[in-house]
Amino acid sequence: MKTHAQAVVIGGGVIGCSILYHLTKLGWTDVVLLERDELTSGSTWHAAANIHGLHDSANISRLQHYTMTLYNALEEETGQSCGVFQPGSLYLAQTEAREHQLKLQAAKAKLYNMNFSEISRDKAEELHPLVNFDGIRCIMWEPDGGNVDPSGVTNAYAVGARQRGAEIYRFTPVIGTTQKPDGTWTVETPKGNIETEWVINASGLWGREVAALAGIELPLQPTEHQYFVTETIAEIDAMDRRLPSVADRDGEYYLRQEGKGLLIGAYEQDMKFWAENGTPLDFAHDLFADDLDRIMDNVMRAMDRVPVAAEAGIKRVINGPMIWSPDSNVILGPVPELKNYFVCGGIIPGFSQSAGMGLMVAQWLTTGEMEYDMFPWDIARFGLWANDKNFVKAKVQDQYAHRFAIHYPNEERAAGRPLRTRPVYDLQKEMGAVFGLNYGWEHPQWFAGQKGAKDTNGFTRQNWWGPVGDECRMLRDRAGIIDISNFAKYRCKGPGAADWLNAVFANNMPKSIGRSCLTPLIGVRGGIAGDATVTRVAEDEFWIVSSGMAERYHKRFFDSVPLPEGTTFESHTEAMCGFNVAGPKSRELLQRLTNASLATEDFPFMRSQQIELAGVKCLALRVSFTGDLGWELHCATEDQKRLYEALLEAGKELGAGPVGARALMSMRVEKGYGSWSREYSPEYYPHEVGLDMLCKMDKAFLNKAAAEKALAKPTRENLVLIHIDEEAVNASNADATGGEPIFRNGKGIGRVTSGTYGYTVGMSLALGYVRTGEAAPGDEVEVMVLGRPHKARILHEPPFDPKGEKLRA
């Protein structure tokens, strides 16, 4: 066995073998895979192995499409059969909401040149004569859908990797992973040790156990999952072709041909956890006892849809384990707290995503970053708070039982919550706050005015649409108080603070005490990895505010630049809370609580001061994400409730009150402000986003060379603000929410990143990207709201305060 390797992949399932294959494809040939048993042991061997291309996330759709199209090429390359069957897939909508979802996916497919489109019932009956299409509102057809052979695919990846020099050791369990002082690893096995630069944990059901060897805890939980295969069905046996699979997600089952019978599987409400305290080390190609009664409600719906299934006997039942993350997406990426330890676990649709996942891991390892923004998969989306076992179980139970439920825009699922709350949580709850989850924290989305109110969910305007408009108008006309405690907050202090921050961020750090600046954080490929407001609060001390959901993600960038001796950089997100008080009467509101002068000449825009408000010490920043006159106020967490009560009381006479995150979303889009993970991401270059002026190329900063290379190229696409025709949105009773394709003259030219109604400008608005040269301000375009074309026009300037006069008042 080798004693040294550039990377060691732990786990010989489909994902581990795909990672190994893609590493060799991108040039890393000195790589090893270790498997404790036989390849495919665990979850891979018994998977139903269905493949499909479309997903609500455009980037995940791209990777699933790549996966589907790779399998045939993989067969040709390796000579190993992948058992590919692609008779197509039929997607059925029983409800209006599912129809909206499928039509939006069809619009995305057209934008990304994927094959997914609506067909008639007659055509569907021709494709699958055994399906009863009664009650179906809409049918989509994906010609490339189907299934593969789990063992064939896994072994094809393994053969392809070996052909390029990789080595695979079966029956070689990993019993230890120890990091050395230089950051490299020793991987221990009973057959000897391997020294390696990178450890990749792709251990599937044993992901938790392998992680624990390195002192890591992962928020994963296995469950049981069942499907069965029928005996031969005469009508199928008589056919000279293979039938397409059926995706009837409103029926909460999946169904496809297997041999001359049918395979039917379900994600039942009465789900069952497995291995809550650890996956048994002697488990391999094992199954659980059949328990078909648990899934019989789902099966009966499948039999109603395909009546011949009711007459068939059962040939075999598969009841095997799967391992889930709290949101059912993969947990992928370098562990931010360790050097050179990569995780890829919690994969559910493994055979739809295996190639895309392997490619993304290989890109990250070989280049330092993926070509796509894959934050929905990034391990950093979960903080260490997510390892709470009750939270994980509650979330996994909810995800399993609602596997085929629609994930609506702005939907906030209640399972496992609340997990992390601030001192004002109970007060906000009494005031009728409806909460969202942001990096584990509860924060108000909107205020219903009565305790116990909940969101309704859908693609159209929901119960919160009117109250959010009231909050926006209150703030724009008078003042509003927004809880921004979920923003990430850091303090950098010491003699090297300014030098270190200048070495990290692209903009010049403020030179004078009390001044603030906006600055991008540049990614490995030259894109926007983040943005921050940096304030110099003392000669050797700075206050940094950035995206709360990206705190663990940004840790990788911050840790990559060594701190000078005597200088510290610490998170204060838990220790400090914050409010944004904004609106034309915000100065009057705050002045009632402080002796400090808030007049423009004493406290101008983009300045800061340490002040007291109602006896609470605050760092006050003259900045507002709403685009209004306003201040951010940061105080100690223990003082949050006292400050909030004082702000609310002072606001009463002025007609001011609490404002939630959805109103903030509306107002920032009215102003044309971008937001991290929507408009700002590593995929977009600074001049495409409009942040190039904040990249100071006369100094050194993190990934400057990549930024220079990016800025030397013409923009590929440009961020624009779009006004969607009122008649169209009123007819559909829906606004853009993000992800909708943008077309012009029938050609796909871009996509929406943020969409909302601009209540105080009376316009349905969307921020998004359009390809360079395809459209310009003033041009008419079509935005595919609900998957249908809505007339729209690209604006020349933001409709709210385009010159920034209110902001600087």
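Everything here concerns the structure above.
Keep in mind the model is a prediction, meaning the values are calculated, not measured.

The rules behind these values
Residues numbered from 1 in each chain as written. Predicted model: local features only at pLDDT ≥ 70, side-chain atom pairs only at ≥ 80, totals over all residues. Heavy atoms only, no water. Core = buried A, V, L, I, M, F, W, Y, C linked by side-chain atoms within 4.5 Å. Buried < 20%, exposed > 50% of the residue type's maximum accessible area, 1.4 Å probe, protein only. Helix = DSSP H or I, 4+ residues; strand = E, 2+ residues; numbered from the N terminus. Pairing = 2+ DSSP bridges. Axes fitted to C-alpha atoms, helices over the stretch in contact; angles between N-to-C directions. Contact = heavy atoms within 4.5 Å. 1 Å grid on protein atoms, 1.4 Å probe; cavity = no way out; pocket = protein on both sides within 12 Å on 5 of 7 lines; lining within 4 Å. Points joined across faces, edges and corners; volume = space filled by probe spheres on them. Nonpolar A, V, L, I, M, F, W, Y, C, P; charged D, E, K, R; others polar. Polar contact = N/O pair within 3.5 Å; in protein donor to acceptor, adjacent residues only side chain to side chain.

**Quick word on the nonpolar core**
Formed by 51 residues in total, the largest nonpolar core has its most connected members in Ile 19, Leu 23, Tyr 157, Leu 332 and Cys 344. Counting residues per element, this core draws most heavily on helix α9 (residues 350-367), at 9 residues. Among the nonpolar cores identified, the runner-up in size contains 50 residues, and Ala 48, Ile 194, Ile 348 and Val 396 belong to it.

**Some words on unusual backbone geometry**
With omega at 0 degrees, the peptide bond leading from Arg 417 into Pro 418 counts as cis. Examined against the element boundaries, Pro 418 turns out to sit in the loop between α10 (389-401) and α11 (425-430). In this structure, Asn 410 takes a positive phi of about 70 degrees despite not being glycine. Note that Asn 410 resides in the loop between α10 and α11. Despite not being glycine, Ala 614 has its phi angle at roughly 55 degrees, a positive value. A residue is classified by how much of its surface remains accessible, and Ala 614, at 31% relative accessible area, is partly exposed.

**Notes on the sheet that holds strand β23 (residues 516-522)**
Ordered by their spatial adjacency, 5 strands build an open sheet running β23-β24-β25-β22-β26, and the pairing between neighbours is antiparallel. Strands with a single pairing partner mark the edges of an open sheet, and in this sheet they are β23 and β26 (568-571). On average, adjacent strands in this sheet sit at an angle of 25 degrees to one another, irrespective of strand direction. Docked against the sheet, helix α14 (residues 551-559) engages β22 (488-493), β23, β24 (528-538), β25 (541-546) and β26, running at close to 80 degrees with respect to β24.

**What about the layout of surface pockets?**
Rolling a probe over the atoms, with the probe sized like a water molecule, indicates the empty space that remains. Looking at the second largest pocket, its volume works out to about 680 Å³. For the second largest pocket, the lining is made up of 28 residues, of which Pro 334, Trp 364, Gly 368, Arg 556 and Phe 557 are closest to its centre. The set of elements that each furnish at least two residues to the lining of the second largest pocket consists of β11 (192-201), α9 and α14. In terms of residue class, the lining of the second largest pocket is built from 17 nonpolar, 4 polar and 7 charged.

**Side note on the environment of Gln 428**
Looking at the secondary structure, you find Gln 428 in helix α11. Residue class for Gln 428 comes out buried when judged on its relative accessible area of 1%. C-alpha of Gln 428 to C-alpha of Lys 451: the two residues are 23 residues apart in sequence and 9.1 Å apart in space. Beyond its immediate stretch of four places on either side in the chain, Gln 428 contacts Ala 433, Phe 435, Pro 444, Phe 447, Asp 483 and Tyr 644. At 3.0 Å, the side chain of Gln 428 and the side chain of Asp 483 are in polar contact.

Such coordinate-based values are descriptive only and should not be taken to indicate function.
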